[in-house]
Amino acid sequence: MSVTQLTREEREDALAALPEWRLRADGLAIERTFTFKDFSEAFGFMARAALQAEVQDHHPEWFNVYNRVQVTLTTHDAGGLSQRDVTMAKTMDALAG
C-alpha cells in the first residue's frame, strides 16, 4: 500500500483537530510533549502507545525523561507527514486522556 504525504490543506485540517501538536519547522513532522504525574505514568503511557503502534504498524520517534515523553511523528515512506501520523497522534492523545 502506498502512503502519500498530506497536502498543505490536509495538514492544516489535521492540525486543527490536534491542538496539542505542532508542526515541526520543516513541515515534515508533528511534535508534542506529554507530561505526566511521574515516571510510572509516563512509562505506562509509552507501553500502551507501543502496543497501538504495533497494531497500526506505525512507530513514533520518542524521548523520555522522568515524567515527560517527547514525541515526533513522521512517515518516512511518504517523505513527511501522512494520515498515519494523524491517526497515531489521535491514538496517543486518547491514551494520555
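Residues numbered from 1 in each chain as written. Predicted model: local features only at pLDDT ≥ 70, side-chain atom pairs only at ≥ 80, totals over all residues. Heavy atoms only, no water.

Peer 1: Looking at this structure, I do not really get the nonpolar core. What am I missing?
Peer 2: Across soluble globular proteins, you tend to see nonpolar side chains buried next to one another. Membership of the largest hydrophobic core comes to 20 residues, with the highest contact counts inside it found for W21, F34, V69, L73 and M92. Within the residue set of this core, elements represented by two or more residues are β2 (30-35), α2 (39-56), β4 (68-73) and α3 (83-96). Ranked by residues supplied to this core, first place goes to α2 with five residues. Leave out the neighbours within four places in its chain, and M92 touches W21, F34, F45, A49, P60, W62, V71 and L73. (Core = buried A, V, L, I, M, F, W, Y, C linked by side-chain atoms within 4.5 Å. Buried < 20%, exposed > 50% of the residue type's maximum accessible area, 1.4 Å probe, protein only. Helix = DSSP H or I, 4+ residues; strand = E, 2+ residues; numbered from the N terminus. Contact = heavy atoms within 4.5 Å.)

Peer 1: What's the story with the pairing of β2 in this structure? I'm lost.
Peer 2: A regular strand places its side chains on the two faces of the sheet in alternate fashion. Sheet topology places strand β1 (residues 22-23) next to β2; two bridges connect them, and they run antiparallel. Bridging from a neighbouring strand, L23 pairs with I30 of β2. Between β1 and β2, which follow one another and run antiparallel, lie six residues, and G27 among them has a positive phi close to 75°. As paired strands, β2 and β4 are joined by six bridges and run antiparallel to one another. Looking across to β4, one finds that R32 is bridged to V71. (Pairing = 2+ DSSP bridges.)

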